[in-house]
Amino acid sequence: MTALERALAAPKNLTFDELAGMLASEDEGLWREIFAAAREVKVKCGKTETLPRGLIETSNVCAKDCLYCGIRKGNAKVPRYLIPEEEVAACIDEARRRGYPAVAFQAGEIESEANTAYYERLTACATGRAGSMTPPLEVTLSLGEQTEEVYRRWKDAGAMRYLLRIETSNRELYAKIHPAECSFERRLWCVRALKRLGYVTGSGVMIGIPGQTIRDLANDIVFFGDERLDMVGMGPYIEHPETPLSELARRSSEHDVRLDLTLRMIALTRLYLHDVNIVAATALEVLDPEGGRNRGIEAGANVIMPVLTPRKYGCNYDLYPGKAHDRS
Ligand code: 5AD
């Protein structure tokens, strides 16, 4: 049996060395086979339908200072916003009108009672627990590191899924792209707490971070399996000029390399995990505005997150250049 046949037969049937070897390969023929195998796994797992989750970027206020992110606390150039609840309710209505089964609230990382209560109310509003609105929508949260108590309160309010990217599974690389007060251990603890609390749990990484190796990326895929993730969201790293990491990035890999590497990571993640939801990240669209999202789906992804944030706010949800500018 070839490695690909083995990978098709069952999940977690590739070794770390095989994953790393494939990722490093420039053999076009091999990649055609890998992408075809990833699509076959999608069919086998009943993941051929693309699931939309309406993305509402509720706030860009952030307490963290991650070295790569455009909405880091230290970026004084970005005007900060928190969308008033009535306006988020209108976005939720728009999701219903479009027939989306789910919405996702995403924002900068804030830990406060006001923040916790705001998402409790919004979650109740979307899931219909607040009263009149039908049909109920499923709620995904992407609100960073919180205490177990907060995760529990949001779960009790009706939230079903939570996305918390680990960013990289390499502790040393993690330390290089985050300020000292950010702890890899706490982030990992949070991913595990979410899983334990019964959330449909997602994590993921950025691809093409300066200093990141092929072996790091192969390890990321093994990490997704070890943590028994239900969802994976990955995207290319895109340098933001108002961040400390961007200077380094200009000297690292080119954007088209990162785009290809992201598509390869999606395919190998599908091949390694089989029955998992994989997001075709919006950052793919930035690198390939015409076809990025579709290429993600073709590579093995099955979830898209169309942006519902009103433009007047979303234009400042500037995680990376290009993110804020292409909205419906
Ligand atoms: N390039 C690509 N992705 C980024 N994110 C933040 N900054 C960047 C960037 N410069 C991603 C992180 C975070 C998610 C919300 O956005 O992975 O978890």
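Structure shown above.
Fair warning: this is a prediction, and the values are worked out from it, not measured in the lab.

What counts, and at which threshold
- Residues numbered from 1 in each chain as written.
- Predicted model: local features only at pLDDT ≥ 70, side-chain atom pairs only at ≥ 80, totals over all residues.
- Heavy atoms only, no water.
- Buried < 20%, exposed > 50% of the residue type's maximum accessible area, 1.4 Å probe, protein only.
- Helix = DSSP H or I, 4+ residues; strand = E, 2+ residues; numbered from the N terminus.
- Arc of directions from axis to C-beta.
- Contact = heavy atoms within 4.5 Å.
- 1 Å grid on protein atoms, 1.4 Å probe; cavity = no way out; pocket = protein on both sides within 12 Å on 5 of 7 lines; lining within 4 Å.
- Points joined across faces, edges and corners; volume = space filled by probe spheres on them.
- Nonpolar A, V, L, I, M, F, W, Y, C, P; charged D, E, K, R; others polar.
- Near = heavy atom within 4 Å.
- Polar contact = N/O pair within 3.5 Å; in protein donor to acceptor, adjacent residues only side chain to side chain.
- Sits in = over half its atoms within 2 Å of the grid points.
- Pairing = 2+ DSSP bridges.
- Right-handed = clockwise from strand over helix to strand, strands pointing away.

For the rest of this paragraph, the subject is helix H6 (residues 148–156). Taken together, the buried positions of H6 are occupied by Val 150, Tyr 151 and Trp 154. Down the axis of H6, the smallest arc covering the buried residues is 100 degrees, so these residues share one side. Here the buried face of H6 lies against helix H5 (113–127), strand S3 (138–142), strand S4 (161–163) and helix H8 (184–196). Once H6 finishes, Gly 158 follows within two positions and takes phi at roughly 120 degrees, a positive value.

Per the stated rule, a full pass over the model turns up 2 cavities of 30 Å³ or more. Volume-wise, the largest cavity comes out at about 820 Å³. Lining the largest cavity are 40 residues, and of these Gln 106, Ser 142, Arg 165, Glu 167 and Leu 319 lie nearest its centre. Within the residue set of the lining of the largest cavity, elements represented by two or more residues are strand S2 (102–107), strand S7 (231–236), strand S8 (277–280) and helix H12 (282–287). Considering every element that reaches the lining of the largest cavity, the biggest residue donor is S7, with 4 residues. When grouped by side-chain class, the residues that make up the lining of the largest cavity number 25 nonpolar, 8 polar and 7 charged. One number sums up the size of the second largest cavity: a volume of about 50 Å³. The residue inventory of the lining of the second largest cavity, partitioned by class, reads 5 nonpolar, 2 polar and 1 charged.

Looking now at the site of the ligand. Near the ligand you find Tyr 68, Cys 69, Gln 106, Arg 165, Glu 167, Met 206, Pro 236, Tyr 237, Ile 238, Leu 319 and Tyr 320, and these make up its full shell. Between a nitrogen atom of the ligand and a main-chain N or O atom of Tyr 68, the distance comes to 3.0 Å. Within the backbone of Ile 238, a nitrogen or oxygen atom sits 2.7 Å from a nitrogen atom of the ligand. Taken atom by atom, the bulk of the ligand overlaps the largest cavity. Of the residues contributing to the shell around the ligand, the split by class is 8 nonpolar, 1 polar and 2 charged.

A few words on the pairing of S3. The buried fraction of S3 is high, at 4 of 5 residues. Note: S2 against S3, 5 bridges, orientation parallel. Its bridge partner being in S3, Val 103 is matched across the sheet by Val 139. Examined bridge by bridge, S3 and S4 share 2 bridges and lie parallel to one another. Its bridge partner lying in S4, Thr 140 is registered against Arg 161. In terms of handedness, the path from S3 via H6 over to S4 forms a crossover that is right-handed.

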